[in-house]
Amino acid sequence: MMKGIRPFRFTLFLLLISTVSFAQKKQAFVSGHVVDDNENALPGVSVLILGRSAGITTNDSGYFRIKAEAGKAFALVFSYSGMQSRQLNFLLSENEEETVTVRLEKSTTTLQEVVITDQRDRKETGLIRPNPKTILNLPSAITGVESLIKIFVGSNNELTSQYSVRGGSYDENLIYVNDFEVFRPYLVRSGQQEGLSFINPEMVKSISFYNGGFPTRYGDKMSSVLDIQYKKPRRSGGSAYIGILEQGLQMEGSGRKNRFSYILGVRNRSNRNLLSRQDTRGNYVPSSSDFQALLNWSFHPKWQAELLSNISLTRFSLVPRYSQLTTSVFSPLYSATLGVDVYFEGREKDRYTTNMLGFSLLHQPVKKMKLKWMLSRFSNDEEENIDITGAYLFGDRDFDKRNPTYGLIVNPLGSGVYQNWARNRLEIGNWNLSHKGNLEQGKHALQWGLGVDRTEINDRLHEWEMQDSSGYSLPYQPGLLQVFKSLRSDADLSVYKYSGYIQDNLLLGDSLRSFTLSGGFRFNYNSLNRELLLSPRLNASWKPSGKKDIIYRIALGAYQQPPFYRELRRYNGSINRELKAQKSWQAVSGFDLNFIGLNNRPMRWTTELYYKRMTDVVPYDMDNVRIRYFGENMARAYAAGLEMRLHGELVPDAESWISIGFMKTAEDISGDHYYRYKNAAGEFISAGSDDQVVTDSVRFDVGWLRRPTDRRITFGMFFQDYLSTNKNIRMFLNLLYGSNLPYNIPGAVRYRNAAVIEPYIRADIGFSALLLDEDRQRRRSHSPFRNFDNIWASLELFNIIDRANIISYQFVKDFSNTVYLMPNRLTPRLLNLKLIARW
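Residues numbered from 1 in each chain as written. Predicted model: local features only at pLDDT ≥ 70, side-chain atom pairs only at ≥ 80, totals over all residues. Heavy atoms only, no water.

## What about the sheet that holds strand β34 (residues 684–685)?
- In spatial order, the strands read β34-β33-β35; together these three strands make up an open sheet with antiparallel pairing. Of all the strands in the sheet, the pair left with one neighbour each is β34 and β35 (696–701).
- Summarising the sheet, strand β33 (residues 673–678) and β35 pair through six bridges and their orientation is antiparallel. Within the sheet, the bridge partner assigned to K678 lies in β35 and is D696. (Pairing = 2+ DSSP bridges. Helix = DSSP H or I, 4+ residues; strand = E, 2+ residues; numbered from the N terminus.)

In structure tokens:
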């Protein structure tokens, strides 16, 4: 009996000791008032000590008082539905009490708010609306909205802001900023030459990205729409960021009663550090800068004027010295490590200038009607000057570090000299005058628009390539010196384009059960090929009643793309003025599901199945970011696939995305064929065999082939997290995977797109620390940082695994005329530092 009582008494004694010691802990207090951005008290605000599950809420007047342990650093987290959470850090002495005023701002990012108040991105097929505030946090070699888009559509080149959507080319994507269509430079050959994207991420208010099935109000392209809206500030402020690769400054403000507002942005970027470890070593001098301004003036309660301007200049200069490319060849009979050493003379000097000025006038005669008139001028002035000579030696490379010939070509298989020369100049000017409007009438929302474009193209292309192999100029012809490739063309085009659309949106039901139907058509006519295009489109969604928050949606329509500068030009440089528009019928179906996931966090799962049938297709080849079209409507094609996306806040106030896609796209080029030859015995032989006599030939039609964008699997992930004890130290992870891509062997009909670019794998990571929080009350009056909202410092590591991704191939012939593919690789691992301040 006593033996059982003694352990009980001992346990009770320990409990009493621990209770007394807890009661003797030093205590401190934090009290204060929580208000919104209009100084209104917020009752029921959750106040938690970070890392603990228990907490308190503010009273009906918005006041609170919470107890904490003194002598230790702790953080209070304030959260309220529809508001951005806020964290304050404290270190208090025994019995000290600090009084604070906490201001919470309205949230534009919480998933709950989107689910309750804005269902448009759930009901419209293909629409993705990511949070623009994550752009500067996204670790990526290129800072911009496009880096965020690549998480959803995949990528194969971190040096470019261009992207391919559902098997389409770079030229099949529409980009709008405040309803003005914007364009990219056209002569750019590689991502190294690209400058800043048109879109300034610090000026962005909202992002709407359609990866297919977009409505009739958007223009005439076949793949995607990126619709950007810039901010209209209501107070003075700004931001600045400084990094190794890019720097930017943004200023904003508003006038009395918010009738006038402005937002200005200046950026500068240099990829010199990014390119310093490329396979081609030399003196890289890339630079890009731009200035943007958006002015808004509400001069009448029913009238509003807006002015958007952009000036951008990109320069690229390269004086190459040498290049060392290496690849491995494996076969049952032969294996080797092959290399090519190239030594250069000459230089490349390019310049790309873009200017844009847009003016819009918005009129709201009645509450449910809006009318908008727009006038814009967009111009590209591009210039390329290339004169580079390379002498190369090709053969087996020695990788035995014990040998004095380590890293050198020890068994030459081929040698030669080549020269690339170009003097290209392109000027494109586009005027646009358009009108659009919308009217809400009961359950209907009618939208319409009309526009006219005038495009002037002045093109001067003169380029050639000379190849000399083992003392013979190719193609070899005795007594005659010929160049390997030559392109010379002058073109002056003036094109008028007329377009318009009408669309009706019908909503039936309520928030628990609803059905939406959006239908309309658009037309397009251009004076170049005198072709009239009509494109009907239909989009529907259905939300059934029940416990599951799921929406089913479907879209069907015609998407047609009139030819522009690149499509018109044939391989030989001539212009095809009779080229017709590429046409497609597209069908998309899927669902959008909201559910509660891990840690009781709201999540969203989207799935879409799509099919595109294309006719009058203009085939093309891709080399890095340069697209060379055949200039003829000579193919048919298709693309089919499945896409799934999961997004939500795995931890509070940290939005993450996961996207995976499966896709196949192929084309059948009309009349594409090749011949195989037979000898007298009826056996197939190689053409040109010296010891065989050709007696017969057999024609083979090539048929369906992989398109240059046929990437079967894509995966993208953007993940955010922070320390459980301190939300001000954050981690950002960006993962991209894309399976192999086909690559064309020039002049090979039988083996078109038969070469393969290995899978693209990329992992970038970033770490951010808050150096200065938003609590201005704790700053001294003479502090130089007293007017700052926050300051963040970021450390980014690009290409964590240091994978040498391939972007293209260089073709090299040996003495026996065998062709080898030497890979051109992208950027290696790189460290970047960045400081971001907002006020």
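After that view, the rundown keeps rolling.
## Thoughts on empty space enclosed by the protein
- Counted under the stated rule, the structure contains 11 cavities of 30 Å³ or more.
- L174, E181, F183, D453 and K497 are the residues nearest the centre of the largest cavity, which is lined by 49 residues in total.
- No other element matches the six residues that strand β21 (residues 444–469) contributes to the lining of the largest cavity.
- In terms of residue class, the lining of the largest cavity is made up of 20 nonpolar, 16 polar and 13 charged.
- Approximately 470 Å³ is the volume attributed to the second largest cavity. (1 Å grid on protein atoms, 1.4 Å probe; cavity = no way out; pocket = protein on both sides within 12 Å on 5 of 7 lines; lining within 4 Å. Points joined across faces, edges and corners; volume = space filled by probe spheres on them. Nonpolar A, V, L, I, M, F, W, Y, C, P; charged D, E, K, R; others polar.)

## Notes on the pattern of salt bridges
- Under the criterion given, the structure shown has 48 salt bridges.
- Between R235 and D789 there is a salt bridge, and its shortest N-O distance comes to 3.3 Å. Here the residue R235 occupies a position in the loop between β12 (224–230) and β13 (237–243), and D789 occupies one in the loop between β41 (760–772) and β42 (790–798), the gap between them amounting to 554 residues.
- On the basis of relative accessibility, which here comes to 15%, the residue D789 falls in the buried class.
- Among the salt bridges present, the one from R762 reaches D764, with a minimum N-O distance of 3.1 Å. Take R762 and D764: they sit in the same class, and that class is buried.
- Here the salt bridges share partners, and the residues they tie into one network are R166, R553, D592, R604, E608, E643 and R645. (Salt bridge = Lys/Arg side-chain N within 4 Å of Asp/Glu carboxyl O. Buried < 20%, exposed > 50% of the residue type's maximum accessible area, 1.4 Å probe, protein only.)

## So, the packing of aromatic side chains
- Applying the stated criterion to the full structure yields 29 aromatic pairs.
- Here W421 and W464 contribute two aromatic rings whose centre-to-centre distance is 5.9 Å and whose plane-to-plane angle is 15°, an arrangement assigned as stacked. Here the residue W421 occupies a position in strand β20 (residues 409–441), and W464 occupies one in strand β21, the gap between them amounting to 43 residues.
- Each member of the aromatic cluster is reached from another via a ring pair, and the members are F183, Y186, F198, F378, F564 and Y565.
- If you follow R65 out to its NZ or CZ, it ends over the ring of F29, 4.0 Å from the centre. (Phe/Tyr/Trp six-rings, centres within 6.5 Å; stacked < 30°, edge-to-face > 60°. Lys NZ or Arg CZ within 6 Å of the ring centre and 35° of its normal.)

## Some thoughts on unusual backbone geometry
- Positive phi, normally seen in glycine, also occurs at R530, with a value near 55°.
- Mapping R530 onto the fold places it in the loop between β24 (514–526) and β25 (531–543).

## Here we look at the pairing of strand β44 (residues 819–825)
- When strand β43 (residues 806–813) meets β44, the two strands line up antiparallel, connected through seven bridges. Its bridge partner lying in β44, K813 is registered against V819.
- Connecting β43 to the antiparallel partner β44 that follows it, the hairpin turn spans five residues, and N817 within it adopts a positive phi of roughly 70°.

## Structural notes on the pairing of strand β9 (residues 173–177)
- Taken across its five residues, β9 has five buried, putting it largely inside the fold.
- Inspection of the sheet shows β9 paired to β12 by five bridges, in the parallel sense. Opposite V177, over in β12, you have I228 as the bridge partner.
- Sheet topology note: the β9/strand β10 (residues 180–181) ladder contains two bridges and is antiparallel. Its bridge partner lying in β10, Y176 is registered against E181.

## What to know about the confidence of the model for the chain
- The predicted model of the chain has a mean per-residue pLDDT of 86, with 90% of residues at 70 or higher.
- Across the chain, the element-wise mean pLDDT spans from 35 in helix α2 (residues 111–117) up to 95 in strand β28 (residues 602–617).
- Between residues 1–24, whose pLDDT stays under 50, and residues either more than four places distant or in other chains, the model counts zero contacts. (pLDDT = per-residue confidence, 0-100. Contact = heavy atoms within 4.5 Å.)

## Some words on the sheet that holds strand β4 (residues 63–69)
- If you walk across this open sheet you meet the three strands as β4-β1-β7, and the pairing is mixed. In this open sheet, the two strands that pair with only one neighbour each are β4 and β7 (97–104). Here the strands of the sheet are splayed against their neighbours by 30° on average, with no regard to which way each runs.
- Judged from the eight bridges that link them, strand β1 (residues 27–36) and β7 form a sheet pairing that is parallel. Directly across from F29, in β7, lies its bridge partner E97. (Axes fitted to C-alpha atoms, helices over the stretch in contact; angles between N-to-C directions.)

## Observations concerning a nonpolar patch on the surface
- Nonpolar side chains collect at one region of the surface, where L508, F515, L517, L538, W542 and Y552 lie side by side and expose about 510 Å² of accessible area between them.
- Residue assignment for the nonpolar patch shows that the elements contributing at least two residues are β24 and β25.
- You can see L508 is positioned in strand β23 (residues 485–509). (Patch = residues over 30% accessible without salt bridge, like charges linked within 9 Å, V, L, I, M, F, W, Y side chains within 5 Å. Areas by Shrake-Rupley, 256 points an atom, 1.4 Å probe, with all protein chains shown as cover.)

## Quick look at the nonpolar core
- Residues V145, I199, L226, I228 and Y230 are the most contacted members of the largest nonpolar core, which totals 58 residues.
- Looking at this core element by element, the count peaks at six residues for helix α4 (residues 145–153).
- Non-local contacts of Y230, meaning those with residues more than four positions away in its chain, are made with V177, N178, F198, I199, N200, M203, V204, K205, Q292, L294 and L308.
- With 21 residues, the next largest nonpolar core counts V30, V47, L88 and V100 among its residues. (Core = buried A, V, L, I, M, F, W, Y, C linked by side-chain atoms within 4.5 Å.)

## Details of a positive patch on the surface
- Among the surface-exposed residues, R277, R281, R321 and R829 lie close enough to one another that they form a single positively charged patch.
- Within the element layout of this structure, R277 appears in the loop between α5 (272–275) and β16 (280–300). (Lys, Arg positive; Asp, Glu negative; His and termini not counted. Charge placed at Lys NZ, Arg CZ, Asp CG, Glu CD.)

## Considerations on α4
- With nine of its nine residues buried, α4 lies for the most part within the structure.
- Those residues of α4 that fall on the buried side of the exposure criterion are V145, E146, S147, L148, I149, K150, I151, F152 and V153.
- Trailing α4 by a residue or two, G154 shows a phi angle of about 90°, which is positive.

## Structural notes on the side chain of S161
- Structurally, S161 can be placed in the loop between α4 and β9.
- In this structure the side chain of S161 is engaged in a polar contact, spanning 3.1 Å, whose partner is the side chain of R184.
- Residues in contact with S161, not counting those within four places in the same chain, are E146, K150, R184, E194 and S197. (Polar contact = N/O pair within 3.5 Å; in protein donor to acceptor, adjacent residues only side chain to side chain.)

## Notes on the side chain of E246
- Relative to the assigned elements, E246 resides in strand β14 (residues 246–254).
- E246 gets classed as buried once you look at its relative accessible area, which sits at 4%.
- A distance of 3.0 Å separates polar atoms of two side chains, one belonging to E246 and the other to R269.
- Aside from chain neighbours lying at most four places away, what touches E246 is T143, L196, Y241, R267, N268 and R269.

## A closer look at the environment of I386
- Note on placement: I386 falls in strand β19 (residues 369–397).
- With 35 residues separating them in the primary sequence, I386 and W421 have C-alpha atoms 5.1 Å apart.
- Those residues in contact with I386, other than ones at most four positions away along the chain, are R189, R347, E348, D350, N420, W421, A422 and R423.

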